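# Observations on chain architecture
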Amino acid sequence: VDTENGKNIEEISSNMIDVVIVGAGFAGLYMLYRLRESGFSAKIIEVADGIGGVWHWNRYPGARCDIEAMQYSYSFSEELQQEWKWSEIFPTQPEILRYLNYVADKFDLRKNIELKTQVNAAIFDETHSRWEIQTSRGDRILAKFCVMATGCLSASRIPSINGLETFKGHYYHTGRWPQTDVNFSGRRVAVFGTGSSGVQIIPIIAKQAKHLFVFQRTATFTVPARNKPLEPEYEQWWKSNYAEHRKQMLETITGCLALGMKNCSAMSVTPDERLQEYEKQWQKGSLNFLGSFNDLVFNQEANDTAAEFLRSKIREIVEDPTVAEKLIPRGFPLGAKRLSLDTNYFEAFNHDNVTLVDLQQAPIDEITPTGIRIGNKNYELDDIVFATGFDAFTGALFKIDIRGRAGKTLRDKWADGPCTYLGLMTSDFPNLFIMTGLGSPTVFANAALCIEQNVDWITNCLVYLRTNHYETIEPNTEAENDWGKHVNAVANFILFSKADSWFNGANIEGKPRVFMPYAGGVNNYRKKCQDVVVNGYQGFILA
Ligand code: FAD
Ligand code: N01
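This text gives an overview of the structure that appears in the document.

How each quantity is defined
Residues numbered from 1 in each chain as written. Chains lettered and ligands numbered in written order. Predicted model: local features only at pLDDT ≥ 70, side-chain atom pairs only at ≥ 80, totals over all residues. Heavy atoms only, no water. Axes fitted to C-alpha atoms, helices over the stretch in contact; angles between N-to-C directions. Helix = DSSP H or I, 4+ residues; strand = E, 2+ residues; numbered from the N terminus. Parallel < 35°, antiparallel > 145°, perpendicular 65-115°, else oblique. Contact = heavy atoms within 4.5 Å. Nonpolar A, V, L, I, M, F, W, Y, C, P; charged D, E, K, R; others polar. Pairing = 2+ DSSP bridges. Near = heavy atom within 4 Å. Polar contact = N/O pair within 3.5 Å; in protein donor to acceptor, adjacent residues only side chain to side chain. Areas by Shrake-Rupley, 256 points an atom, 1.4 Å probe, with all protein chains shown as cover. Right-handed = clockwise from strand over helix to strand, strands pointing away. Buried < 20%, exposed > 50% of the residue type's maximum accessible area, 1.4 Å probe, protein only. Core = buried A, V, L, I, M, F, W, Y, C linked by side-chain atoms within 4.5 Å. Expected span 1.5 Å × (residues − 1). Arc of directions from axis to C-beta. Bend = angle between axes of the 7 residues up to and from the residue. Phe/Tyr/Trp six-rings, centres within 6.5 Å; stacked < 30°, edge-to-face > 60°. Lys NZ or Arg CZ within 6 Å of the ring centre and 35° of its normal.

### Re the packing of helix α7 (residues 232–239) against helix α8 (residues 242–250)
To describe two helices that pack against each other, one gives the angle between their axes and the distance between the axes. Look at α7 against α8: their axes get within 6 Å of each other, and the N-to-C directions meet at 80 degrees. Classed by the angle they form, the pair α7 and α8 counts as roughly perpendicular. Residues W237, W238 and K239 of α7 lie in contact with α8, whose contacting residues are Y242, H245 and M249. Across the contact of α7 with α8, the residue classes break down as four nonpolar, one polar and one charged.

### Notes on the sheet that holds strand β12 (residues 354–358)
In spatial order, the strands read β7-β16-β8-β9-β12; together these five strands make up an open sheet with parallel pairing. Each end of this open sheet is capped by a strand with a single partner; those strands are β7 (170–173) and β12. Here the average twist between neighbouring strands, direction ignored, is 20 degrees. The sheet contact formed by β7 and strand β16 (residues 383–386) spans four bridges and is parallel. What sits directly across from H173, in β16, is F386.

### Details of the site of ligand 1
Near ligand 1 there are 34 residues, and of these E46, V54, D66, Y72 and A447 occur at the shortest range. In the model, an oxygen atom of ligand 1 is placed 3.5 Å from a nitrogen or oxygen of the I67 main chain. In the model, an oxygen atom of ligand 1 is placed 3.4 Å from a nitrogen or oxygen of the A445 main chain. Within the complex, 93% of the 990 Å² of free accessible area of ligand 1 lies under protein. Of the residues forming the shell around ligand 1, the biggest block, three residues, is contributed by helix α3 (residues 54–57). Its residues placed into classes, the shell around ligand 1 shows 22 nonpolar, ten polar and two charged.

### Let's talk about the pairing of strand β2 (residues 42–45)
As judged from the four bridges shared by strand β1 (residues 16–22) and β2, these two strands associate in the parallel manner. Along β2, the bridge assignment pairs V22 with I45. In this region the chain leaves β1, passes through helix α2 (residues 26–37) and returns to the parallel neighbour β2; the handedness of that crossover is right-handed. By the bridge criterion, two bridges tie β2 to strand β3 (residues 113–114) in an arrangement that is parallel. Directly across from I44, in β3, lies its bridge partner I113.

### What about unusual backbone geometry?
For N344, which is not glycine, the phi dihedral falls at a positive 65 degrees. Position of N344 relative to the elements: it lies in the loop between β11 (340–342) and α12 (345–348). Note on N344: relative accessible area 43%, which makes it partly exposed. For F393, which is not a glycine, the phi torsion comes out positive at approximately 65 degrees. Counting through the fold element by element, F393 comes out in the loop between β16 and α13 (395–398).

### Points about the site of ligand 2
The environment of ligand 2 is formed by 24 residues, the closest being S197, Q200, R217, T218 and K337. Between an oxygen atom of ligand 2 and a side-chain N or O atom of R338, the distance comes to 3.1 Å. Side-chain polar atom of W502 to an oxygen atom of ligand 2: 3.0 Å apart, as the coordinates give it. For ligand 2, the accessible surface in isolation is 920 Å², of which the surrounding protein chains cover 86%.

### Notes on the nonpolar core
Judged by nonpolar contacts, the single largest core of 133 residues is most densely connected at I21, F26, I402, F433 and W457. Here the element with the most residues in this core is helix α15 (residues 447–467); it accounts for eleven residues. Beyond its immediate sequence surroundings of up to four residues, F26 is in contact with W55, Y72, S73, Y74, I96, Y99, L100, A448 and I451. The next biggest cluster of nonpolar side chains, apart from the first, holds 30 residues, and it includes V182, I205, L212 and V323.

### Quick look at helix α16 (residues 477–493)
Helix length check: α16 (17 residues) gives 24 Å between terminal C-alpha atoms against 24 Å at 1.5 Å per residue, within 8%. Every buried residue of α16 is accounted for by A479, E480, W483, V487, V490 and A491. Seen end-on, α16 carries its buried residues on one side only, within an arc spanning 110 degrees. Across from the buried face of α16, at angles greater than 90 degrees, the exposed residues are E478, K485, N492 and F493. On its buried face, α16 is in contact with α14 (410–413), β19 (473–475) and α17 (522–534).

### So, helix α6 (residues 196–208)
Owing to its 3.6 residues per turn, the α-helix aligns residues three or four sequence positions apart on the same side. Where α6 bends most, at I202, the angle is about 30 degrees, and the proline P203 comes one to four residues later. Every buried residue of α6 is listed here: S197, G198, V199, Q200, I201, I202, P203, I205 and A206.

### Thoughts on the packing of aromatic side chains
Geometrically, a pair of aromatic rings is defined through the distance of the ring centres and the angle of the planes. The full count for this structure, using the stated rule, is 52 aromatic pairs. For the ring pair W55 and Y72, a centre distance of 6.1 Å and an interplane angle of 65 degrees mean the geometry is edge-to-face. Here W55 is found in helix α3, whereas its partner Y72 is found in the loop between α3 and α4 (78–83), with 17 residues between them in sequence. Chaining the aromatic ring pairs together yields one cluster made of F26, Y30, Y33, W55, Y72, Y74, F76, W84, W86, Y99, Y102 and F107. Above the ring of W282, the side-chain terminus of K313 is found at 4.3 Å from the ring centroid.

What follows is the structure in structure tokens.
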């Protein structure tokens, strides 16, 4: 009998399954589907009261995807991709959440999903080679394998600002938006944060609020989304040859098909030609702007030309030149903080009811019961919105007490920064798979496609272990170190590492500065993962 929890070992053992998956977002749902299809018993544990992950939590007004939904969607079922109809190029959060719920119903996933349950601990039992998963319900589930599908951007973060607890109004985080309607009509609202979430929510609140104060710490680059209803011809173009298009997406760096891009250096054309190309891409909209030329992400001189073009657009759009100058990003390359797609973001600052507060001129002193104080100035507020981002990649993982061989904790192992092999596993934590975008290209690419690739790899790996009667798999430290060095080398080559951002942990106080995602492209990453398999799971120890 386990005296501490009052359950006997037999009772716990009857809870034994092949795989526990933590998280019911894009990743967890497809993982469950593939595992069941391959004959494994599996179950998802999800802390939220619904499925959908990011699309469950980020219900803030204006939330939508910024990769075309025809591409940012599952490819595993031809029937699904033919029958689902997206209404817009970049649909809203409710529509994407409806889609994920549709997927859960269509493939009968819910019977293996436990909602409103947090995984608190995952402990590896070396004697029996199994994971014990401890949940907030007091359950202890035994599993041969555990998959952390806990999300790269799921641990939302409100900065610690003096006095927040005294504030008498409401405050919200975009990544934990309430399920009830929030109406800002007639209210005085502050928004912190001008990353992708801020860029989406600010124009909407600007339309509703009596007054909106945007507290900006770092100005941001954006490209217009130019979102529109999905035209039947375009939809038909995709659907008439979906499988082939999806195959082509796998061969790209970003996991997206972008037609009509120039494959030459920005410096190889005349200044006029360069401007024409930027104008063309800007008019088209979309994140493809960063691919206007093939060297914008690693050639500073080239990058400067694109950044300057976007700065000129801010000057054109924002009517007050003083406000425009404050909104112009400087001091880091374009793309080093993730580029955002916007709909009327800079235009919002032309409204009389919107005030930009530049925190670089003077930081906040405190939040008071009725607002925010900076020096002698008090901003009277009813609501505060934190669009202040996430403890990315490791945040959700570190909330779980994960212990591998000899009781070693993941937090200790990664105290100086995470290290993985292919982003999928880490040594001394056998049979634990990680799908949070660490050491993989997910956050620089079409996440849905990257997730499918990871899930397929993990499923094939488990089938291989079963067929060949292996009990455990884990990377060897040499392979893990080599992968870490490679991820770093690529990060140093491109310009994305040259800013404080969530890519390198700079947004979280005390977090080690390590560039966490892999910027070498979806195509190269996929090839590496395939080669590892072809070479008999090279770099892994199978026992
Ligand atoms: P998530 O969707 O984050 O799901 C993880 C789940 O794990 C969550 O439901 C969480 O509650 C659960 N969980 C975590 N810890 C525990 C625990 N201890 N116990 C139980 N459950 C737990 N990517 C794109 O490619 N294109 C886009 O347009 C795009 N838009 C985005 C918009 C927003 C607002 C955000 C925040 C991200 C966006 N992303 C986008 C990136 C996004 O992270 C991925 O596209 C994708 O949704 C990630 O899916 P996931 O299943 O890996 O993680
Ligand atoms: O978070 P962020 P996000 N005082 O970390 C500011 C995806 N996503 O939620 O730069 C004042 O990017 C911070 O300022 P600074 C996408 O991958 C996609 O916006 O640290 N300000 C920054 O401006 C994205 O990259 C979509 O100086 C403070 C902002 O808060 C990722 O999610 C939509 C502060 C945080 O920006 C995260 O985006 C939304 C403080 N104390 C999200 N602390 C799509 O469109 C932080 N900030 C698909």
